[in-house]
Amino acid sequence: MRRAAASLALLGAALAACGTAPAAAPEGLRVAVEQSRDNENRGLLQLVVTNDGSTPVVVRRAALRSPGYRAAPGGVFDDVVRPGGRTAFPVPLGEADCRRTTSGSAAVVGLREGGTVREVLLPVPADDPVLPRLHGRACALEEVAAAVDLALTTSAPDGGAVRGELVLRRRSGTAEVRLTDVQSSILFLLQPAGGLPLVLAPGERRAALRVVLRAVRCDPHALLESKRSYTFPVFVALDGGEPLQVPVTADGAGRARLDEVLRDRCAAEGVDLGG
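Reading guide: rules and limits
Residues numbered from 1 in each chain as written. Predicted model: local features only at pLDDT ≥ 70, side-chain atom pairs only at ≥ 80, totals over all residues. Heavy atoms only, no water. Helix = DSSP H or I, 4+ residues; strand = E, 2+ residues; numbered from the N terminus. Buried < 20%, exposed > 50% of the residue type's maximum accessible area, 1.4 Å probe, protein only. Contact = heavy atoms within 4.5 Å. Pairing = 2+ DSSP bridges. Axes fitted to C-alpha atoms, helices over the stretch in contact; angles between N-to-C directions. Salt bridge = Lys/Arg side-chain N within 4 Å of Asp/Glu carboxyl O.

**Student:** Would you mind showing me how to read the side chain of T50 here?
**Tutor:** Among the secondary structure elements, T50 is positioned in strand 2 (residues 44–51). Assessed through its relative accessible area of 11%, T50 is described here as buried. Once residues within four sequence positions are removed from consideration, T50 is found in contact with G28, L29, R30, G85 and R86.

Here you go:
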């Protein structure tokens, strides 16, 4: 508790040094942190402002300020939080600073008062579980990225399928790297043609898993989500740790090959994708 208070005081001092010292918040105004699946995919979280006071407030802007994250621009709004109400404000999360923790985090909220905007500092509760969880995951993914490169290679379509490899290439260190699972996207089925887990042992520089990709859907809903359909979630663990979901994307020639099998699949169903 004392450490969080000290971190919050340092945060307020840093904002003051930048000429943006926030004022005391109106009585009854508090903040919590949440993250929906959609906002997770967009690199956002929600600052949920609750008004336990007796006067409506108008939020014009909001941003997260945390020792564990590099400052990111906030969001601009024009929303009223009425007494007894709560409103979620989606804001960028920013890049994790893995040298620090999230203790002492706060929301800087700009309240419209007449023709001016007054900034107030709303501390994130010390027992908030969301920021530490997101910070821990981001730093674990940073460890994975420092240890290994993960790529999807493909060959020319054959028989309605694209064959390829998920390749692990060591970047640094000697950690054992395990590729434990692979998942499909909305439009494409990704199937391992070899056994899992794929292990990159200490001292090894490269390991590869053979895979097969097939187009499986041509319905309008799936096609509308196609921007995300060239990215496949795979799970990677370092030195026996918990597997982490890592995105692997087919781009360039790989994406063109997937487009080819998708057009063939959809044409067989009477769906013309053009191009």
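Now that the structure is up, let's keep going.
**Student:** So what exactly am I meant to see when it comes to the sheet that holds strand 10 (residues 177–182) here?
**Tutor:** An order of 12-10-14-15 is seen for the four strands of this open sheet, with the pairing classed as antiparallel. A strand with exactly one partner marks an edge of an open sheet, and here the two such strands are strand 12 (198–200) and strand 15 (244–249). Within the sheet, the average angular offset between the axes of one strand and its neighbour, ignoring direction, is 35 degrees. Relative to strand 15, strand 14 (residues 231–238) is paired through six bridges, and the arrangement is antiparallel. For V234, the partnering residue across the bridge sits in strand 15 and is V246. Strand contacts of helix 3 (residues 130–147): strand 14 and strand 15, with the helix running at about 55 degrees to strand 15, the strand carrying the most contacts.

**Student:** Help me understand the pattern of salt bridges, please; the structure alone is not making it clear to me.
**Tutor:** Charged atoms that come close allow side chains of opposite charge to pair. For the structure on display, the rule yields 15 salt bridges. The salt bridge involving D149 is made with R171; its shortest N-O contact spans 3.8 Å. On the criterion of sequence distance, the pair formed by D149 in strand 8 (residues 148–154) and R171 in the loop between strand 9 (161–170) and strand 10 is long-range, its members being 22 residues apart. By relative accessible area, D149 is classed as partly exposed at 39%. Among the ionic pairs, R265 bridges to E269, the shortest N-O distance being 2.8 Å. Judged by its relative accessible area of 32%, R265 is partly exposed. E269 sits in the partly exposed class, given a relative accessible area of 44%.

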